[in-house]
Amino acid sequence: AQSVTQLGSHVSVSEGALVLLRCNYSSSVPPYLFWYVQYPNQGLQLLLKYTSAATLVKGINGFEAEFKKSETSFHLTKPSAHMSDAAEYFCAVSESQGNLIFGKGTKLSVKP
Amino acid sequence: DAGVIQSPRHEVTEMGQEVTLRCKPISGHDYLFWYRQTMMRGLELLIYFNNNVPIDDSGMPEDRFSAKMPNASFSTLKIQPSEPRDSAVYFCASSLTRGTGELFFGEGSRLTVL
């Protein structure tokens, strides 16, 4: 069975600092991996996705994630945090004909 | 293009009452998903439809929950009777494909059962 583990339910960074949100997955087949972002009182929206092409995936708003098969990880990074990045971030995994399995989410706070 | 539209955005009701949540998916999307989000359990898939047909309802908590999709542009999630533990945000999402594609979420329906 597939699963996703997001390490850290809350992450706080200063504006301008590196953002690193951790995600580890478990899958018996080559996975499809996603990061979604949820702003307060809104639905989730796709940040980026990995579908077996390049291992370094670039998304919207300056975010990127690297697929590391050996570490079963798909961590999300952004070089410089902005106040507008404050939101909850969800990692998700799926198979080609499977449903998305979401992690518990990580709330990112950005301090001025 | 209009996104996924959900109504109501907020619903407060008393235990035992019937609740109906509504969803209009993005035109042309073949898949429709209902999720429930709570602090304790995170995002849970309740049910999904393909071409208006329910495919997997194994996530539906119990018989009090039912979902329908009478046509390609409308779906409902009904809870009857409602209980306080049903309080959550319910999201509808639609997509072109399953698994590899992007899910487009509505803004959610926040349900409070007193």
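The preceding data block contains the structure.
Bear in mind the structure is a predicted one, so any value in this text is a computation, not a measurement. (Residues numbered from 1 in each chain as written. Chains lettered and ligands numbered in written order. Predicted model: local features only at pLDDT ≥ 70, side-chain atom pairs only at ≥ 80, totals over all residues. Heavy atoms only, no water.)

Caption draft 1: Highlighting the overall build of chain A. Along its length, chain A carries 0 helices and 11 strands. If you list the helices and strands of chain A from N to C, you get β-β-β-β-β-β-β-β-β-β-β. For 112 residues, the compact-globule estimate of 2.2 N^0.38 gives 13 Å, and chain A sits close to it at 13 Å. When the 112 residues of chain A are sorted by exposure, 46% land in the buried category. For chain A, the accessible area works out to roughly 5300 Å², and carbon and sulfur atoms hold 53% of it. Of note, chain A has its 9 positive side-chain charges centred 2 Å away from the centre of its 7 negative side-chain charges. (Helix = DSSP H or I, 4+ residues; strand = E, 2+ residues; numbered from the N terminus. Rg over C-alpha atoms; globule rule 2.2 N^0.38 Å. Buried < 20%, exposed > 50% of the residue type's maximum accessible area, 1.4 Å probe, protein only. Areas by Shrake-Rupley, 256 points an atom, 1.4 Å probe, with all protein chains shown as cover. Lys, Arg positive; Asp, Glu negative; His and termini not counted. Charge placed at Lys NZ, Arg CZ, Asp CG, Glu CD.)

Caption draft 2: A look at the overall build of chain B. A tally of regular secondary structure across chain B gives 0 helices and 11 strands. Listing the helices and strands of chain B from first to last along the sequence gives β-β-β-β-β-β-β-β-β-β-β. Relative to a compact globule of 114 residues, whose C-alpha radius of gyration would be 13 Å, chain B shows 13 Å and is just as compact. In terms of its C-alpha atoms, chain B occupies a principal-axis envelope of roughly 35 × 30 × 30 Å. Put simply, chain B has 114 residues, and 46% of those count as buried.

Caption draft 3: A look at the state of the cysteines. Residue and element names in this part refer to chain A. If you walk through the whole model with that rule in mind, you get 2 disulfides over all chains. Covalent S-S linkage joins Cys-23 and Cys-91, the inter-sulfur distance amounting to 2.0 Å. Taking the sign of the S-S torsion, -65 degrees for the link of Cys-23 and Cys-91, the bridge is left-handed. Placement of Cys-23 in strand β3 (residues 19-26) and of Cys-91 in strand β9 (residues 87-94) is noted, with a sequence separation of 68 residues between them. For Cys-23, a relative accessible area of 0% puts it in the buried group. (Disulfide = S-S within 2.5 Å.)

Caption draft 4: Focus on the pairing of strand β3 (residues 19-24) of chain B. All names here are of chain B. Across 3 bridges, the pairing between strand β1 (residues 5-7) and β3 is antiparallel. Of the residues in β3, the one forming a bridge with Ser-7 is Arg-22. Relative to strand β8 (residues 74-79), β3 runs antiparallel, the two sharing 5 bridges. The residue of β8 that forms the bridge with Cys-23 is Ser-75. (Pairing = 2+ DSSP bridges.)

Caption draft 5: Fine view of the environment of Ser27(B). Residues and elements named next belong to chain B. Structurally, the position occupied by Ser-27 is in the loop between β3 and β4 (31-38). Its relative accessible area of 75% is what places Ser-27 among the exposed residues. For the pair Ser-27 and Ala-72, spaced 45 residues apart in the sequence, the C-alpha separation amounts to 7.8 Å.

Caption draft 6: The arrangement of the pattern of salt bridges in detail. Under the defined criterion, the tally for this structure stands at 11 salt bridges over all chains. Of the charged contacts, one joins Lys78(A) and Asp85(A) as a salt bridge, the two residues approaching to 2.9 Å between their closest N and O atoms. As far as the burial class goes, Lys78(A) and Asp85(A) line up, both buried. With its nearest N and O atoms 2.6 Å apart, the salt bridge here joins Arg85(B) to Glu83(B). By sharing partners, the salt bridges in this structure join Glu62(B), Arg64(B), Glu83(B), Arg85(B) and Asp86(B) into a single network. (Salt bridge = Lys/Arg side-chain N within 4 Å of Asp/Glu carboxyl O.)

Caption draft 7: Representation of the interface of chain B and chain A. Taken residue by residue, the interface counts 21 residues in chain B and 21 residues in chain A. The tally of links from chain B across to chain A stands at 0 salt bridges. For the pair chain B and chain A, the number of links is 3 residue pairs in polar contact (both at pLDDT 80 or more). Where the side of chain B that touches chain A is concerned, the elements lending two or more residues are β4 and β5 (42-50) of chain B. Among the residues forming the side of chain B that touches chain A, the class breakdown is 9 nonpolar, 5 polar and 7 charged. (Contact = heavy atoms within 4.5 Å. Polar contact = N/O pair within 3.5 Å; in protein donor to acceptor, adjacent residues only side chain to side chain. Nonpolar A, V, L, I, M, F, W, Y, C, P; charged D, E, K, R; others polar.)

Caption draft 8: Fine view of the side chain of Ser82(B). All names here are of chain B. Among the secondary structure elements, Ser-82 is positioned in the loop between β8 and β9 (88-95). Side-chain polar atoms of Ser-82 contact the backbone oxygen of Glu-14, separated by 3.5 Å. Engagement of the side chain of Ser-82 in a polar contact is seen with the backbone oxygen of Gln-17, the distance being 2.7 Å. Ignoring anything within four residues of it in the chain, the contact list for Ser-82 reads Thr-13, Glu-14, Met-15, Gly-16, Gln-17, Val-19, Arg-64 and Val-113.

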